[in-house]
Amino acid sequence: MFRLLTFLAALLLTAASAVAEGPCAPMSFGSGSYTVCRFDLRASPLALYDLDETGEPYGSFSALAASLASSGKTLSFAMNAGMYDDAQKPIGLYVEDGQQLKKVNRRAGAGNFHLKPNGIFWIDGPKGGVTETEAFISSGLKPRYATQSGPMLVIDGEIHPKFSAEGTSMKIRNGVGAVDGHTIVFAISESPVTFHDFAALFRDGLGCRNALFLDGSVSSLYDAANSRNDRFMPLGPIVGLAR
């Protein structure tokens, strides 16, 4: 009996260790609960995915995982990554594997995307960041991957000027921030939060000088280590880690 209990305890410890080694973990900040996923791009080559080999949007994490599996790769993390139209195509800048598939969107308009300043999440090998759209254009950056969304949550250490600490609009939200030139963090709220509180999470809780809102109504996470596969669909651009 003792040996059996010891064996079961070892199994539980092994399982717990496996979960702990994943990139995503729960986090409480202020009055909100979040799941936060952290990556060092020098060791974790994140990529963006939108269209499959037939030219159609993947539309879901399951479809992306199946496509990657057919080429011998395993999807370990994924999150929706930028706003899109009714055809699931990006509405702003989108670069995948060095090819620009959609140009920068500088137009004015309604909705969160146009709550300027908006911004661009980009990846270029071991480097990556979140950059306000006009600053990105001025920088001359030509990254391997890029997706435009909006609004910016944090700009150079300051919370978006149109967010109010007294705001009352509460929604599930997800976003991405840059801690430094190679450390990227994603967060998804597990209960509705305001824009201001979500921005404060990135600035004050995660140490990001720049952070970008990715979406609200379709906020989704794929976290293989914790057996999570949110099935909101159809999705547009997806950021993922595959081995």
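Our subject in this report is the structure included herewith. (Residues numbered from 1 in each chain as written. Predicted model: local features only at pLDDT ≥ 70, side-chain atom pairs only at ≥ 80, totals over all residues. Heavy atoms only, no water.)

### So, the packing of aromatic side chains
- For the structure on display, the rule yields ten aromatic pairs.
- Note on F61 and Y222: the rings are 6.1 Å apart at their centroids and 70° apart in plane angle, and the pair reads as edge-to-face. Remark: Y222 occurs in strand 15 (residues 221–223) and F61 occurs in helix 2 (residues 61–70); sequence separation between them is 161 residues. Here F61 matches Y222 in class, with each residue buried.
- Seen in terms of ring centroids, F163 and F195 are 4.7 Å apart; in terms of plane orientation they differ by 0°. Their pairing is stacked. Here F195 lies in helix 4 (residues 195–205) and F163 lies in the loop between strand 11 (158–159) and strand 12 (174–178), a separation of 32 residues in the sequence. Like F195, F163 is buried.
- Note that R173 overlies the ring of F195, its terminal NZ or CZ placed 4.0 Å from the centroid. (Phe/Tyr/Trp six-rings, centres within 6.5 Å; stacked < 30°, edge-to-face > 60°. Helix = DSSP H or I, 4+ residues; strand = E, 2+ residues; numbered from the N terminus. Buried < 20%, exposed > 50% of the residue type's maximum accessible area, 1.4 Å probe, protein only. Lys NZ or Arg CZ within 6 Å of the ring centre and 35° of its normal.)

### Describing the sheet that holds strand 15
- What the five strands build is an open sheet, ordered 3-17-4-15-16; its pairing is antiparallel. One side of each edge strand has no neighbouring strand; the edge strands of this open sheet are strand 3 (47–49) and strand 16 (228–229).
- In terms of strand pairing, strand 3 meets strand 17 (residues 238–242) through three bridges, oriented antiparallel. The residue of strand 17 that forms the bridge with L48 is V239.
- Those strands touched by helix 2 are strand 3, strand 4 (75–80), strand 15, strand 16 and strand 17, and its axis lies near 145° from that of strand 4. (Pairing = 2+ DSSP bridges. Contact = heavy atoms within 4.5 Å. Axes fitted to C-alpha atoms, helices over the stretch in contact; angles between N-to-C directions.)

### Thoughts on the environment of V239
- Here V239 is to be found in strand 17.
- Along the primary structure V239 and F202 are separated by 37 residues, whereas in three dimensions their C-alpha atoms are 18 Å apart.
- Setting aside residues no more than four positions away along its own chain, V239 makes contact with L46, A47, L48, F77, A78, M79, A81, F121 and F186.

### A few points about the pairing of strand 14 (residues 210–215)
- Within strand 14, six of the six residues are buried, leaving the element largely enclosed by the surrounding structure.
- Bridge count between strand 10 (residues 152–155) and strand 14: two bridges; the pairing is antiparallel. Paired with M152 across the bridge in strand 14 is L212.

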